[in-house]
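# Fold and contact review
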Amino acid sequence: MTEAAVLTAPRPPRRNVEAIMAGMPRRRAAERRFRLYGRLAIGLGLAFLVLLFASIVSNGYTAFWQTHVRLDIPLEAAALDPDGKRDPDALRRADYGGLVKQTLRGMFPDATGRSERIALYGLVSNGAAFEIRDRVLADPSLIGRTLSVWVPADDDVDMLMKGNLERAGPEKDRRLKDNQLRWIDQLAADGRLEKRFNVDFFTRGDSRDPELAGIWGAAVGSIYTLLVTLLLSFPLGVAAAVYLEEFAPRNRWTDLIEVNINNLAAVPSIVFGLLGLAVFINFFGLPRSAPVVGGLVLTLMTLPTIIIASRAALKSVPPSIREAALGIGASPQQAMMYHVLPLAMPGMLTGTIIGMAQALGETAPLLMIGMVAFIADIPGGALDPATALPVQIYLWADSPERAYVERTSAAIMMLLAFLIAMNLVAVLMRRRFEKRW
Amino acid sequence: MTTPSASVQLDHGAALRAAAALQSAAPQGTATVARESRGQTVGDVRSPNPRIRCSDVNVYYGEKQAVRNVNVDVGKNEVLAMIGPSGCGKTTFLRCLNRMNDTIAGCRVTGEIVMDERDINGRDVDVVPLRAQVSMVFQKPNPFPKSIWENVAFGPRIHGIARTRADLDEIVEQSLQRAGLWDEVKDRLGEPGTGLSGGQQQRLCIARSIAVQPEVILMDEPCSALDPISTARIEQLIDELREEYSICIVTHSMQQAARVSQRTAYFHLGDLIEVGDTKEIFTRPRHQLTEDYITGRFG
């Protein structure tokens with residue numbers, strides 16, 4: 001085409017603009033639909049989250065209050081300390097349970113006969129005697145006086161007060177019989193029955209009595225387990241990632257290792273539990289039910305997550321930074337430690353926290369190594385028998401007593417609080433490490 | 001402000017790009033042009049006062065050959081400019097001089113690059129002191145995301161050139177002054193180097209290179225990402241630095257080559273076509289390809 005021809009050629013028809021305009025409503029509608037799908041997805045996700053939280057909180061918040069009974073217990077010197085020496089051993093061995101029973105009999109003289117009295121004693125928790133003992137041991141000068149003390153009520157009384165037990169119906173189907181209900185009503189009328197903040201729940205270990213069962217033992221077990229996991233998996237994972245990403249030659253062996261790390265990330269966690277049982281307990285002879293073994297098993301489970309995330313973080317550091325350092329004669333290790341690692345650290349921390357969060361919620365491998373045992377003591381170290389928060393939830397969810405229902409939900413709340421606290425720490429640390437470009 | 005992802009592709013990519021371009025250009029280009037010119041480089045490849053002497057340097061990326069039989073000297077106190085169309089191997093060759101190509105998987109260098117009477121590709125040569133001796137400034141300014149002071153002090157510190165804070169302060173000040181950046185940043189040495197303008201960043205990178213007291217500075221298109229004013233400053237800086245250092249500069253700008261260099265090497269598709277005094281090359285090129293390139297017939 002010559003220049004003249006170009007100049008004289010008719011202008012292109014405006015038809016394409018018309019065609020575009022004609023298609024616009026359809027395109028705009030598609031655009032709107034697309035956004036709608038996104039909002040729907042988010043909305044649905046949030047709705048389920050709200051539902052989950054609402055059901056857990058509504059089930060569990062009552063566990064933070066526990067019905068207590070006020071007893072006026074005459075601490076007679078003759079019963080507690082016949083020698084009068086105030087010897088702590090003697091005081092510890094004294095029959096406080098008998099005192100509680102005696103007090104109850106005094107309050108309700110109508111309870112005659114063996115079965116009636118057993119029903120009466122059942123209104124107050126077994127923990128009442130220990131409560132009184134602790135008070136006396138802490139302050140022996142109480143002896144000879146009358147101690148007015150709030151002691152936990154039995155879990156059935158607690159459930160009745162919280163409206164979870166039926167008063168109506170045939171007596172033989174009810175957990176609380178007519179005479180017990182009468183005594184409870186009388187206690188309530190006297191102002192001797194009150195719901196008080198459940199300190200025991202936060203400070204005690206597990207118990208067969210729901211009103212005495214606490215979450216602290218499991219929480220401490222989880223803390224020790226996660227501490228072991230973190231101390232092992234973070235350095236190991238970062239070192240492995242750094243070596244594989246920055247220093248290892250690319251050959252068949254490293255390919256094989258890479259494939260296997262990716263495979264390990266997908267291995268069901270109970271398999272790691274079996275491995276831990278076979279290797280750490282049976283072969284190395286480490287103690288059963290111990291957080292140190294739990295930590296080792298969870299380390300195996302967490303490592304692939306941390307390695308994969310750390311490698312991704314290292315990959316995302318611009319090569320120009322490495323070249324800059326190498327270009328003025330930094331050794332690869334110096335370029336790594338001074339420049340690449342600090343830039344990759346936020347990503348590594350994110351991966352670590354994801355791995356740790358998984359480890360915190362993991363139950364199956366802990367079952368295999370015996371951390372599912374009933375342990376009432378609060379572990380004093382990583383070698384003591386312990387259980388973990390998710391295992392405690394499982395144990396309580398499996399228990400028949402009605403009072404464990406609310407405790408299960410409360411324990412879930414504690415687990416979530418733990419998670420949120422961990423994530424918060426991670427976010428703060430990440431912010432510290434993050435560099436502005 | 002540039003994003004980190006952009007710089008990911010550059011720098012490291014430059015050499016790879018060269019290889020890629022070579023692959024795509026190879027079918028037609030080499031058949032006609034390269035065959036007739038292969039082998040002999042026109043002009044004076046040797047310098048009377050050499051600092052680095054390269055003999056028969058070949059570079060391969062896997063199967064592909066990116067640089068073919070290059071013979072050239074880098075003289076003392078001279079600026080050697082390397083020009084040529086994209087993908088001609090000039091950056092690849094430059095990176096041979098301090099073995100930065102080691103960092104690229106599958107890259108292989110043959111031939112001799114002699115400095116201080118030994119081949120830098122020898123097995124017994126440690127790249128760490130070599131790179132302190134022959135430092136590099138990259139195409140894209142790549143300051144560390146740390147303070148200006150840290151950027152400059154990093155090299156001297158890792159090499160143990162200075163140990164005390166006072167010594168480091170002195171080196172930082174000297175280097176920044178040599179790079180013509182001191183007056184602009186002396187009051188904010190603690191601020192991040194990444195917060196400077198592009199031209200300042202590149203001068204910071206030059207200061208960082210000077211701080212390790214090298215003997216040769218390699219510059220890979222140091223002004224390609226900069227505006228004309230920053231470019232002029234850096235060119236002036238290169239001219240001043242020549243008094244103490246040998247400088248190799250890769251550039252796409254023929255004017256820049258003409259302004260800053262004493263000798264110029266023209267690369268074409270992996271071959272070193274012509275080397276000579278810059279004045280000679282730009283006024284009386286001897287090779288047809290050189291003439292075509294500098295007169296703008298292609299490239």
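Here is what the cut-offs are and how they apply
Residues numbered from 1 in each chain as written. Chains lettered and ligands numbered in written order. Predicted model: local features only at pLDDT ≥ 70, side-chain atom pairs only at ≥ 80, totals over all residues. Heavy atoms only, no water. Helix = DSSP H or I, 4+ residues; strand = E, 2+ residues; numbered from the N terminus. Buried < 20%, exposed > 50% of the residue type's maximum accessible area, 1.4 Å probe, protein only. Contact = heavy atoms within 4.5 Å. Areas by Shrake-Rupley, 256 points an atom, 1.4 Å probe, with all protein chains shown as cover. pLDDT = per-residue confidence, 0-100. Buried area = accessible area lost by both parts, 1.4 Å probe. Salt bridge = Lys/Arg side-chain N within 4 Å of Asp/Glu carboxyl O. Polar contact = N/O pair within 3.5 Å; in protein donor to acceptor, adjacent residues only side chain to side chain. Pairing = 2+ DSSP bridges. Domains from an automatic or database assignment. Nonpolar A, V, L, I, M, F, W, Y, C, P; charged D, E, K, R; others polar. Core = buried A, V, L, I, M, F, W, Y, C linked by side-chain atoms within 4.5 Å. Patch = residues over 30% accessible without salt bridge, like charges linked within 9 Å, V, L, I, M, F, W, Y side chains within 5 Å.

A tally of helices and strands in chain B yields 12 helices and 11 strands. Expressed as a percentage of the 299 residues in chain B, the buried residues total 57%. Sequence-distant contacts in chain B: of pairs separated by 6 or more residues, those separated by 24 or more amount to 70%. Split by element, the accessible area of chain B, about 12500 Å² in all, is 47% carbon and sulfur.

Residue and element names in this part refer to chain B. Averaged over every residue, the pLDDT of chain B is 84; the share at 70 or more is 87%. Model confidence for chain B, summarised as mean pLDDT per element, is weakest for helix α1 (residues 4–9) at 40 and strongest for strand β9 (residues 246–250) at 94. Reported confidences for the modelled complex are a pTM of 0.80 and an ipTM of 0.80.

A few words now on the interface of chain A and chain B. Counting residues at the interface gives 20 residues for chain A, matched by 30 residues for chain B. Of the roughly 2200 Å² buried at the junction of chain A and chain B (both faces included), carbon and sulfur atoms supply 68%. Taken together, the links from chain A to chain B amount to 1 salt bridge. Where Arg95 of chain B meets Glu323 of chain A, a salt bridge forms, and the shortest distance between an N and an O atom there is 2.8 Å. Taken together, the connections running from chain A to chain B amount to 5 residue pairs in polar contact (both at pLDDT 80 or more). Secondary-structure elements contributing two or more residues to the side of chain A that touches chain B are α15 (319–327) and α16 (332–361) of chain A. Among the elements that make up the side of chain A that touches chain B, the one with the highest residue count is α15 of chain A (8 residues).

A few words on the pairing of strand β2 (residues 146–152) of chain A. All names here are of chain A. The element β2 is extensively covered by neighbouring structure, given that 5 of its 7 residues are classed as buried. Here strand β1 (residues 65–74) pairs with β2 via 7 bridges, running antiparallel. When the bridges of β2 are listed, Ile73 appears paired with Leu147.

Our next topic: the domain arrangement of chain A. Residue and element names in this part refer to chain A. Considered domain by domain, chain A is made up of domain 1 (2–60), domain 2 (65–202) and domain 3 (216–433). Each side of the interface is counted separately: domain 1 has 5 residues, and domain 3 has 6 residues. Between domain 1 and domain 3, a total of about 490 Å² is buried, with carbon and sulfur atoms accounting for 80% of that surface. On the domain 1 side of the interface with domain 3, the three residues burying the most area are Ile56, Asn59 and Gly60, jointly 75% of the side's total. For the pair domain 1 and domain 3, the interface holds 0 residue pairs in polar contact (both at pLDDT 80 or more). Residues belonging to the side of domain 1 that touches domain 3 are distributed by class as follows: 3 nonpolar, 2 polar and no charged.

Before going further, it helps to spend a moment on the nonpolar core. Residues Met348 of chain A together with Phe93 and Leu97 of chain B are the most contacted members of the largest nonpolar core, which totals 66 residues. Looking at this core element by element, the count peaks at 9 residues for α16 of chain A. Core analysis: the next-biggest nonpolar cluster, separate from the first, contains 44 residues, Ile83, Ile171, Leu196 and Ile238 of chain B among them.

Turning to its location among the elements, Gln180 of chain A is positioned in helix α9 (residues 178–189). Beyond its immediate chain neighbours, meaning those up to four positions away, Gln180 of chain A contacts Ala119, Leu123 and Arg175 of chain A.

Before going further, it helps to examine the pattern of salt bridges. Evaluated as defined, the whole model comprises 37 salt bridges over all chains. The salt bridge involving Arg70 of chain A is made with Asp72 of chain A; its shortest N-O contact spans 3.7 Å. One salt bridge connects Asp102 of chain B with Arg99 of chain B, and the closest N-O pair in it is separated by 3.1 Å. One network of salt bridges, with partners in common, ties together Asp158, Lys162, Glu406 and Arg407 of chain A.

Next up on the list: a nonpolar patch on the surface. Residues and elements named next belong to chain A. A cluster of nonpolar side chains, contributed by Ile42, Leu46, Leu49, Leu52, Phe53, Val57, Tyr61, Trp65, Phe197 and Val199, occupies part of the molecular surface with about 950 Å² of accessible area. Of note, Phe53 is situated in helix α2 (residues 15–60). A residue is classified by how much of its surface remains accessible, and Phe53, at 35% relative accessible area, is partly exposed.

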